[in-house]
Amino acid sequence: MRRHRIRALLAVLIAVILQTTVFPRPFGASPNLVMLVAIGIGLYMEPETAVVSGFVGGILNDLLGNTILGLWALVITVVAYGASQYRRQAEGNLLRMIVGIFALTISGQVLFGIIGTLFGQGFLADTSLVFGVLLTGILSLILAVVILPLVSRLVAGGRWFALVGPGPERGVW
Amino acid sequence: MLNARRRFDRSTALLITFVIISIILMTIDVRSSSEGIAGSVRSGTQAIVAPIQSAANAIVRPIAGFVDGVANLAGLRAENADLRAELDEANRRLAETEPLRSENEELRNLLNLGSLDTLQSQIGRVQARGSSDFDHSIVVNKGAADGVVVDYPVRNLDGLVGRVVSVTESSARVMLLTNPNHAVEVLVVGSEDRGSAKGRGASDLQFISATAEQEIAEGATLVTDAGRYPAGLLVGYASETAQRQAGFAVQTPIAPAVDFTTLDFVEILFFVPVDPAVQLAPAEGTS
């Protein structure tokens with residue numbers, strides 16, 4: 001189990017590095033890779049690991065970006081926790097999984113915009129914010145088809161390319 | 001059931017703890033204006049991760065180029081034709097303005113002012129972007145070791161990109177013009193109208209002027225005014241015509257001259273605004 005937790009943190013670290021490099025930005029937006037990996041860990045591992053991974057990924061995202069320190073940490077922690085709580089509803093159901101990932105990604109972006117604005121970042125002044133948030137949600141959903149099976153395989157020993165396949169932690173529920 | 005309950009409680013307790021820690025960190029960071037401990041930790045992390053990001057870039061950049069190419073395939077032919085036409089027009093204008101350019105250079109020399117062309121600078125390459133679409137900043141691979149300091153302006157071939165906000169030994173973070181926390185003093189070319197251009201994220205910049213006397217026509221060119229930036233750097237073009245109404249400031253969106261989604265090479269200008277009037281660093285050659 002300890003090895004799986006280290007792998008989860010490693011997955012988050014890789015996601016942060018990729019997110020902050022010259023990641024492809026089709027149509028001027030990019031999928032939120034760190035949030036997606038945190039959602040994957042929430043869906044495939046126990047909630048504690050998801051929350052810790054979300055926080056670590058968020059803090060790294062903050063440290064390597066130019067937003068307020070702690071903002072992404074808060075948002076991705078909440079999203080990872082949400083994913084771990086949603087896991088029972090999504091289990092074995094591809095449609096629910098898709099809806100859940102999309103909703104969690106959008107919620108995370110909206111939460112980030114609202115809290116950031118409360119802390120004086122002026123995100124809501126961006127008139128194209130709604131379009132950007134939706135586009136990021138759609139791109140994240142597309143990328144989820146590749147990323148979630150990888151996360152499943154890496155952190156939970158799941159099958160390659162199995163988006164809704166069972167992980168070893170399922171039994172605890 | 002009991003096991004599941006205990007796990008739920010532990011994860012909820014962890015969530016609450018991390019949320020509280022995050023809020024404390026945000027408060028400290030905002031109160032210290034991203035300096036102090038938060039700034040030091042950020043610079044330290046950036047310095048550690050910079051080599052990994054460079055290596056990752058070597059892998060990701062060709063893939064990013066391919067994806068962008070595929071996404072823009074349909075428009076490439078038309079864009080090529082447009083660019084050729086624009087190039088012809090630009091060459092014609094360049095020939096027409098050459099005498100004015102010489103005259104400007106001569107006047108600058110007489111007034112003991114430097115020129116943008118002779119300003120010392122460093123060419124850097126984008127090594128990392130902001131951590132999300134909300135983060136309007138980039139990291140370039142030139143830092144304190146190359147003579148870069150905070151507040152230096154950054155441009156590319158198209159125009160003003162932003163300014164340096166933090167520096168490590170080998171890299172510098174640049175706040176882009178589009179950042180909602182960024183504003184630049186601008187001048188409308190062909191008039192004496194001045195104002196500021198404020199970033200609004202992915203949207204166009206917003207030009208605001210309380211003193212503009214004339215209408216700002218759609219397509220009007222806006223350049224930096226003397227002050228924090230050297231005068232004359234291209235910022236963008238008015239997207240809409242704005243008329244002055246009594247008692248109200250003139251406002252209009254500005255389409256930035258720079259495409260911030262495809263930034264690659266940038267030039268960091270060694271410009272130090274010693275005086276509110278235009279002051280340029282001594283020219284010692286461009287590296």
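Here the structure is a predicted model, which is why all the values come from computation and not from measurement.

Definitions and cut-offs
Residues numbered from 1 in each chain as written. Chains lettered and ligands numbered in written order. Predicted model: local features only at pLDDT ≥ 70, side-chain atom pairs only at ≥ 80, totals over all residues. Heavy atoms only, no water. Helix = DSSP H or I, 4+ residues; strand = E, 2+ residues; numbered from the N terminus. Buried < 20%, exposed > 50% of the residue type's maximum accessible area, 1.4 Å probe, protein only. Contact = heavy atoms within 4.5 Å. Areas by Shrake-Rupley, 256 points an atom, 1.4 Å probe, with all protein chains shown as cover. Pairing = 2+ DSSP bridges. Axes fitted to C-alpha atoms, helices over the stretch in contact; angles between N-to-C directions. 1 Å grid on protein atoms, 1.4 Å probe; cavity = no way out; pocket = protein on both sides within 12 Å on 5 of 7 lines; lining within 4 Å. Points joined across faces, edges and corners; volume = space filled by probe spheres on them. Nonpolar A, V, L, I, M, F, W, Y, C, P; charged D, E, K, R; others polar. Expected span 1.5 Å × (residues − 1). Patch = residues over 30% accessible without salt bridge, like charges linked within 9 Å, V, L, I, M, F, W, Y side chains within 5 Å. Salt bridge = Lys/Arg side-chain N within 4 Å of Asp/Glu carboxyl O. Core = buried A, V, L, I, M, F, W, Y, C linked by side-chain atoms within 4.5 Å. Buried area = accessible area lost by both parts, 1.4 Å probe. Polar contact = N/O pair within 3.5 Å; in protein donor to acceptor, adjacent residues only side chain to side chain.

(A) Quick peek at the overall build of chain B. A tally of helices and strands in chain B yields three helices and twelve strands. Classification of the 287 residues of chain B by burial places 41% in the buried group. Contacts in chain B between residues far apart in sequence, at least 24 positions, make up 56% of those at least 6 positions apart. Of the roughly 15300 Å² of accessible surface on chain B, a fraction of 58% belongs to carbon and sulfur atoms.

(B) Looking closely at the sheet that holds strand β1 (residues 121-129) of chain B. All names here are of chain B. Read around the barrel, six strands follow the order β1-β2-β5-β4-β3-β12 and close on themselves; strand pairing throughout is antiparallel. Sheet twist, expressed as the mean angle between neighbouring strand axes with direction ignored, is 45°. The pairing of β1 with strand β2 (residues 137-140) spans three bridges and is classified as antiparallel. Considered in β2, the bridge of V126 is made with V140.

(C) Quick peek at empty space enclosed by the protein. As enumerated under the stated definition, the model contains one cavity of 30 Å³ or more in all. If you add up the space inside the largest cavity, you get close to 40 Å³. Every residue lining the largest cavity is listed: A:Q19, A:S30, A:P31, A:N32, A:Q109, A:T136, B:S131, B:S132 and B:D133. Residue classes in the lining of the largest cavity are distributed as one nonpolar, seven polar and one charged.

(D) Layout of helix α3 (residues 47-63) of chain A. When the terminal C-alpha atoms of α3(A) are compared, their 24 Å separation across 17 residues agrees well with the 24 Å that a helix rising 1.5 Å per residue should span. With respect to burial, α3(A) is a largely interior element, 15 of its 17 residues being buried.

(E) Up close: the pairing of strand β5 (residues 172-176) of chain B. Residues and elements named next belong to chain B. Burial runs high along β5: five of the five residues are buried. Burial along β5 is two-sided: the residues A172, V174 and L176 and R173 and M175 are all buried. Relative to β5, β2 is paired through four bridges, and the arrangement is antiparallel. Its bridge partner lying in β5, S137 is registered against M175. One ladder, built from five bridges, connects strand β4 (residues 160-167) with β5; its direction is antiparallel. Across the sheet, the residue bridging to R163 is M175, located in β5. Linking β4 to β5, which pair antiparallel, is a turn of four residues.

(F) Just a nonpolar patch on the surface, in detail. There is a patch of nonpolar side chains on the surface, built from B:I16, B:I20, B:I24 and B:I28 and spanning about 370 Å² of accessible area. Following the sequence through the fold, B:I28 ends up in helix α1 (residues 2-31).

(G) Spatial organisation of the nonpolar core. In this structure, A:V37, A:I39 and A:I41 are the most contacted members of the largest nonpolar core, which totals 47 residues. Contributing elements (two or more residues each) for this core: α1 (2-20), α2 (33-44), α3, α4 (71-90), α5 (94-118) and α6 (129-156) of chain A together with α2 (36-71) of chain B. Examining the composition of this core, we find that ten residues originate from one element, α2(A), more than from any other. If near-sequence neighbours (up to four positions away) are discounted, A:I41 is found in contact with A:A8, A:V12, A:T49, A:A50, A:S53, A:V151 and A:V155. Among the nonpolar cores identified, the runner-up in size contains 39 residues, and B:L177, B:L205, B:Y229 and B:A238 belong to it.

(H) Geometry of the interface of chain B and chain A. Chain B puts 55 residues into the contact, and the matching count from chain A is 55 residues. Between chain B and chain A the total buried area reaches about 4900 Å² when both faces are included, carbon and sulfur atoms providing 65% of it. Counting the contacts that link chain B with chain A gives one salt bridge. A salt bridge links A:E48 to B:R10; its shortest N-O distance comes to 3.7 Å. For the interface between chain B and chain A, the tally reads eleven residue pairs in polar contact (both at pLDDT 80 or more). For the side of chain B that touches chain A, the secondary-structure elements that each account for two or more residues are α1, α2, β1 and β5 of chain B. Broken down by element, the residue count for the side of chain B that touches chain A peaks at 18 residues, all from α1(B). Of the residues assigned to the side of chain B that touches chain A, the class counts are 26 nonpolar, 18 polar and eleven charged.

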